[in-house]
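As a plain string of letters, each chain reads:
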Amino acid sequence: MDPKKSSEVELELPRGGTLTLRPATKDDEAFLLSVYGSTRDRELSQVQWQEGQRELFLKWQFEMQRREYDARFPDAEYNVVFIDNQRAGRIWIGRDENEIRLLDIALLPEFQKRGAGTVLLKRLIDEAAIAHKPLRHMVFVLNDNAHRFYERLGFVVIEDLGAYKHMEYRISAEY
């Protein structure tokens, strides 16, 4: 995973602290896999796994996800999220002539509910407004917390795809 952007971004969190984005590198692979695993923990805990099977399955799914994103958005931006200088999560963004696509955002549980997701999404909303492009994201249908989070920020469901809801933030006249 080679970084597509070479600069770090530092942002303030609403309740104190600092959020930093840094392009992901090969050295982040194990961490990024652990972040991905944390997003699937509830779902995968329902299955009885043989020794090592869960880890192999997660790695396979993680690699498939990344290949899909790379195929659809070859110039995607892959960043590691730091909160107070600790690796906390990831945000992957695809851009093309028609849209800005939030491919994935995930924070480890211990870094959630501190305003980081809101700060990152508002930054993308501002970018979409300046570019006059819709901001889109897919939300897993069983992830009610994420669905509510995006609705609070102004996203609406534009398509129900069964297992996923395709959501969009449409730029209002205020921009």
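The structure contained in this document is the topic of the report that follows. Since this is a predicted model, take the numbers as computed values, not measurements.

1. Some points on the overall build of the protein
The helix and strand tally for the protein stands at four helices and eight strands. Along the chain direction, N to C, the helices and strands of the protein fall in the order β-β-α-α-β-β-β-α-β-α-β-β. Here the protein has a C-alpha radius of gyration of 16 Å; the compact-globule value for 175 residues is 16 Å, and the two agree. Seen through its C-alpha atoms, the protein measures out along the principal axes to roughly 55 × 40 × 35 Å. Residue pairs at least 24 apart in sequence account for 57% of intrachain contacts in the protein once pairs closer than 6 positions are excluded. Roughly 10,200 Å² of accessible area belongs to the protein as shown, and the carbon and sulfur atoms make up 48% of that amount. Side-chain charges in the protein split into 26 positive and 30 negative, and the spacing between the mean points of these groups amounts to 2 Å.

2. What about the pairing of strand β8 (residues 164–169)?
The element β8 is largely enclosed, with a buried count of five among its six residues. The pairing of strand β6 (residues 135–140) with β8 spans six bridges and is antiparallel. The partner of H137 across the bridge, within β8, is M167. Hairpin geometry of strand β7 (residues 156–160) and β8 is characterised by an intervening segment of three residues between the two adjacent antiparallel strands and by a positive phi of about 85 degrees at G162.

3. A few points about the nonpolar core
The biggest cluster of nonpolar side chains holds 48 residues, and the ones touching the most others in it are I91, L121, L135, Y150 and F155. In terms of residue count, the dominant contributor to this core is helix α3 (residues 116–131) (seven residues). If sequence neighbours within four positions are ignored, F155 has contacts with L121, I125, L135, Y150, M167, E168 and Y169.

4. Quick look at α3
Over its 16 residues, α3 runs 23 Å from end to end, which matches the ideal 22 Å to within 8%, given 1.5 Å per residue. Listing the buried residues of α3 in full gives A116, G117, V119, L120, L121, L124, I125, A128 and A129. Of the residues one or two after α3, H132 is the one with positive phi, at around 55 degrees.

5. Some thoughts on the pairing of β7
Side chains on a regular strand alternate between the two faces of the sheet. Both β7 and β8 contribute to a ladder of four bridges, which runs antiparallel. Its bridge partner lying in β8, D160 is registered against K165.

6. Some details on the packing of aromatic side chains
One pass over the structure, following the stated rule, counts nine aromatic pairs. Summarising the aromatic geometry, the rings of F57 and W60 are spaced 6.0 Å apart at their centres and angled 50 degrees between planes, so their arrangement reads as tilted. Taken as a pair, F57 and W60 lie in helix α2 (residues 53–72) at a separation of three residues, close to a single helical turn. Ring centres 4.8 Å apart and planes at 80 degrees place the aromatic pair Y78 and W92 in the edge-to-face group. With Y78 in strand β3 (residues 77–83) and W92 in strand β4 (residues 86–95), this residue pair connects regions lying 14 residues apart in the sequence. As far as the burial class goes, Y78 and W92 line up, both buried. By the ring-pair criterion, three or more aromatic residues cluster together here, those being Y36, F62, Y69, Y78 and W92. Across the ring face of W92, the terminal group of R90 is positioned such that the distance to the ring centre comes to 3.9 Å.

Definitions and limits used
- Residues numbered from 1 in each chain as written.
- Predicted model: local features only at pLDDT ≥ 70, side-chain atom pairs only at ≥ 80, totals over all residues.
- Heavy atoms only, no water.
- Helix = DSSP H or I, 4+ residues; strand = E, 2+ residues; numbered from the N terminus.
- Rg over C-alpha atoms; globule rule 2.2 N^0.38 Å.
- Contact = heavy atoms within 4.5 Å.
- Areas by Shrake-Rupley, 256 points an atom, 1.4 Å probe, with all protein chains shown as cover.
- Lys, Arg positive; Asp, Glu negative; His and termini not counted.
- Charge placed at Lys NZ, Arg CZ, Asp CG, Glu CD.
- Buried < 20%, exposed > 50% of the residue type's maximum accessible area, 1.4 Å probe, protein only.
- Pairing = 2+ DSSP bridges.
- Core = buried A, V, L, I, M, F, W, Y, C linked by side-chain atoms within 4.5 Å.
- Expected span 1.5 Å × (residues − 1).
- Phe/Tyr/Trp six-rings, centres within 6.5 Å; stacked < 30°, edge-to-face > 60°.
- Lys NZ or Arg CZ within 6 Å of the ring centre and 35° of its normal.

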